[in-house]
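Architecture at a glance
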Amino acid sequence: MSALRQITLGGLLQESARSFAAYPAAAYHGRQITYAELDRWSDGIAKGLLAAGIRHGAHVALWATDRPATLACFFGIVKIGAVAVMPNTSLTGAEMRALLRDSDISFLFYGDGYRGVSFPKMVADFVEPAPGSRVYMGEQEWPDGDAVTLRTLIQRGESISDAGLQDAMRRVSPEDSAAMLFTSGTVGASQGVLTSHYARVNSAIQQAEDLFATPEDRFLVAIPMFHCFSLSANVLGALTVGACLDFPEDRRTLSLLTAVQERRCTVLHAVPTLLHALISRSDFAGFDCSSLRIGLVGGSRMESSQMQAFREKLGYELLPSLGLTEATGGITVARPSDPLRVKLETVGHFMDHIEGRIVDAQSGRPLQEGEIGEICVRGYCVMQGYYGHPEQTRRAIDSEGFLHTGDLGFLDGEGNVHYCGRCKEVIIRGGENIFPGEIEACIAADERVADVRVIGVPDDHYGEAICACVVRGLGAQLDEESVRSGVRQALAYYKVPKHVLFFDTLPANAGGKIRLGELKELALQRLRGG
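Bear in mind the structure is a predicted one, so any value in this text is a computation, not a measurement. (Residues numbered from 1 in each chain as written. Predicted model: local features only at pLDDT ≥ 70, side-chain atom pairs only at ≥ 80, totals over all residues. Heavy atoms only, no water.)

1. Observations concerning the overall build of the protein
Each helix and strand in the protein was counted, giving 17 helices and 28 strands. Scaling as 2.2 N^0.38, a compact globule of 530 residues should have a C-alpha radius of gyration of about 24 Å, and the protein matches this with 23 Å. Taken over 530 residues, the protein has a buried fraction of 58%. Across the protein, every contact between residues at least 6 apart in sequence was considered, and the portion connecting residues at least 24 apart equals 67%. For the protein, the accessible area works out to roughly 21,900 Å², and carbon and sulfur atoms hold 47% of it. Averaging the positions of the 51 positive and the 64 negative side-chain charges in the protein gives two centres separated by 2 Å. (Helix = DSSP H or I, 4+ residues; strand = E, 2+ residues; numbered from the N terminus. Rg over C-alpha atoms; globule rule 2.2 N^0.38 Å. Buried < 20%, exposed > 50% of the residue type's maximum accessible area, 1.4 Å probe, protein only. Contact = heavy atoms within 4.5 Å. Areas by Shrake-Rupley, 256 points an atom, 1.4 Å probe, with all protein chains shown as cover. Lys, Arg positive; Asp, Glu negative; His and termini not counted. Charge placed at Lys NZ, Arg CZ, Asp CG, Glu CD.)

Structure representation (structure tokens):
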């Protein structure tokens, strides 16, 4: 177990640039940049921001798909002590305008767009920040609308000396805010979460150590870096050991499998929905994935049967993990040396330097082994808070410094955490507390099921009724009574779903997490006959 480090993200990049100067830091579209080049490039961007009047503590939004320029801009921002604000690339114009306002953005980097949506066209309609505080960093030479380009920003930064940049960097402390990422918003509204350089650096170091990562590794960035999972375990984790980040052209399954095969990627982190999409391709067996060595899987609930299928078909060491934006990334992980049952049935142990416990969600009383309650953690990883929402921050972090994750689970006798779902997902049927995860595991054990989520819906008699939302496997024959029968044989009668609804896919966000609020709305529409 390594000691926690007191260093900023900018200092960490400089350190890596000295140790791994000629090693590739990132690759995209057949081109690579070294660690030394990334450090110099981000220096130029940092100087450009200083020349534009951006100073320590300013909020700078980075709204672009992942590639080396996005990485360089991120480090340019944090080097001078500004806060890198990372919006989801799927936001609409109205959502982005609200985020710019609510997050107090003073400067904006933006790319070409995402999934056919033009960011330059959207940004041209924005009131804030002012046009002079926007920089286009896309791949076209000029965007629509009035904007400075990244090249122009760097040229303007030539007015700042190396000494001036170093002075700005010396003013940055590990305890300063480094990034603002946003919660998934799968149940309620998304919140901006502030985390420090100290938390980001040490989370990255921990996750790289858990992977036994080396400079010879090549991380395929299959999850967007605005997601805490990717920023910690992919982007910054690779940086700590001098490994290469492979940015795919897009995140379609064909592009990802081609990247693994042709560029011999060794590390692949993913959410269950992505892994399922990969192995479900009719031509999956034709791809050579033998270079894959290890990866973390997390981001949403996964049943043991799913995990076993992923491991068998993909053929590399998949380690279950639990994490959340408010804890900078991962809080639990299984070890490669753990027994298979631990990797299939749990989310592993609490990570080094993180103190975890299970408490009663209502009273806060610590629970014993085997008792289901809320998972709480304390340590370097805990967020600084929800930006602009001090009351919500106080509700999330108690007087002892424990972050209440909102996740349910229990500890076994070996200290492994068994994940049982979200506190808000608990179904109360006639006074009985029912945990959806138990029913989902039962339904998912049927090989005809590709995906399942169990939710509570209003019921006149019991208050809430159980509704199973099921995705059938390709070509599978499965009806409502078969689903109910499987649950009836394994679980108590009151856990049998009253409603079984079949979907082609379940609604998910860009990080692969199921949007439970949207799913519940869809289910209610179906149940009402809409």
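2. Concerning the packing of helix α11 (residues 272-279) against helix α12 (residues 304-314)
For the pair α11 and α12, interaxial distance at closest approach is 10 Å and the crossing angle is 45 degrees. Between α11 and α12, the crossing angle belongs to the class labelled oblique. The interaxial crossing formed by α11 with α12 has left-handed handedness. Contacts between α11 and α12 involve P272, L275, H276 and I279 on the former and, on the latter, F310, K313 and L314. (Axes fitted to C-alpha atoms, helices over the stretch in contact; angles between N-to-C directions. Parallel < 35°, antiparallel > 145°, perpendicular 65-115°, else oblique. Left-handed = near helix turned anticlockwise from the far one by under 90°.)

3. Section: the sheet that holds strand β28 (residues 499-503)
The three strands are arranged β26-β27-β28 in an open sheet whose pairing can be described as mixed. The open sheet has two edge strands with one neighbour each: β26 (449-459) and β28. In this sheet, adjacent strand axes meet at a mean angle of 25 degrees when their direction is disregarded. Note: β26 against strand β27 (residues 463-472), 10 bridges, orientation antiparallel. Counterpart to R453 in the pairing with β27 is C469. Docked against the sheet, helix α17 (residues 516-527) engages β26, β27 and β28, running at close to 70 degrees with respect to β26. (Pairing = 2+ DSSP bridges.)

4. Details of the pairing of strand β10 (residues 177-182)
Most of β10 sits inside the fold, with six of its six residues counted as buried. In this structure, strand β4 (residues 83-85) lies alongside β10, joined through two bridges in parallel fashion. Among the inter-strand pairings, V85 is bridged to a residue of β10, identified as M180. As paired elements, β10 and strand β11 (residues 192-196) share five bridges and run antiparallel to each other. Within β11, the position partnered with F182 by the bridge is G192.

5. So, the pattern of salt bridges
Applying the stated criterion to the full structure yields 29 salt bridges. With its nearest N and O atoms 3.3 Å apart, the salt bridge here joins R101 to D102. Judged by its relative accessible area of 49%, D102 is partly exposed. Its salt-bridge partner being R422, residue D407 comes within 3.1 Å of it at the nearest N-O pair. (Salt bridge = Lys/Arg side-chain N within 4 Å of Asp/Glu carboxyl O.)

6. Quick notes on the pairing of strand β2 (residues 31-34)
In the sheet, strand β1 (residues 24-28) pairs with β2 via four bridges, with the strands oriented antiparallel. Each bridged residue has a counterpart across the sheet, and for P24 the counterpart in β2 is T34. Between β1 and β2, which pair antiparallel in sequence order, lie two residues; one of them, H29, sits at a positive phi of approximately 55 degrees.

7. Structural notes on the sheet that holds strand β22 (residues 403-411)
Ordered by their spatial adjacency, four strands build an open sheet running β19-β20-β22-β23, and the pairing between neighbours is antiparallel. Unpaired on one side and paired on the other, β19 (354-359) and β23 (417-422) mark the two borders of the sheet. With strand direction ignored, the average angle separating the axes of adjacent strands in the sheet is 45 degrees. Strand direction decides the pairing type here: β22 and β23, joined by five bridges, are antiparallel.

8. Re the packing of aromatic side chains
Per the stated rule, a full pass over the model turns up eight aromatic pairs. Taking the centre distance of 6.2 Å and the plane angle of 55 degrees together, the rings of F20 and Y35 count as tilted. With F20 in the loop between α1 (9-19) and β1 and Y35 in helix α2 (residues 35-51), the pair connects residues that are 15 residues apart, well separated along the chain. According to the relative accessible area criterion, Y35 is buried, its value standing at 2%. Cluster of aromatic residues (ring-pair linked, three or more members): F20, Y23 and Y35. Note that R472 overlies the ring of F502, its terminal NZ or CZ placed 3.7 Å from the centroid. A cation over a ring is seen here: R526 above F503, with NZ or CZ 4.6 Å from the ring centre. (Phe/Tyr/Trp six-rings, centres within 6.5 Å; stacked < 30°, edge-to-face > 60°. Lys NZ or Arg CZ within 6 Å of the ring centre and 35° of its normal.)

9. Some details on helix α10 (residues 253-263)
Turning to α10, its buried residues number three or more, namely T253, L256, L257, A259 and V260. For α10, the angular spread of buried residues about the axis comes to 155 degrees, placing them on one side. Where α10 is buried, its residues touch β12 (218-220), β13 (244-246) and α11. Once α10 finishes, R264 follows within two positions and takes phi at roughly 55 degrees, a positive value. (Arc of directions from axis to C-beta.)

10. Concerning the side chain of S42
Its place among the elements puts S42 in helix α2. Classification of S42 by relative accessible area gives buried; the value is 0%. When sequence neighbours within four positions are dropped, the list of residues in contact with S42 reads L13, A72, F75, G76 and K79.

11. Thoughts on the environment of G421
Relative to the assigned elements, G421 resides in strand β23. Taking the C-alpha atoms as reference points, G421 and S305, 116 residues apart in sequence, are found 17 Å from one another.

12. With respect to the state of the cysteines
Applying the stated criterion to the full structure yields zero disulfides. In this structure C420 is a free cysteine whose sulfur lies 10 Å from that of C423, the closest cysteine sulfur available. In this model C423 remains outside any disulfide bridge; the closest cysteine sulfur is found in C376, 8.3 Å from its own. We classify C423 as partly exposed; its relative accessible area is 23%. (Disulfide = S-S within 2.5 Å.)

13. Considering the environment of Q384
Here Q384 lies in the loop between β20 (373-379) and β21 (385-386). C-alpha of Q384 to C-alpha of V193: the two residues are 191 residues apart in sequence and 7.5 Å apart in space. Ignoring sequence-local partners within four residues, the contact set of Q384 consists of E175, D176, S177, L194, T195, S196 and T393. A polar atom in the side chain of Q384 sits 3.1 Å from the backbone oxygen of E175. (Polar contact = N/O pair within 3.5 Å; in protein donor to acceptor, adjacent residues only side chain to side chain.)

Geometric descriptors of this kind do not, in isolation, establish any biological role.
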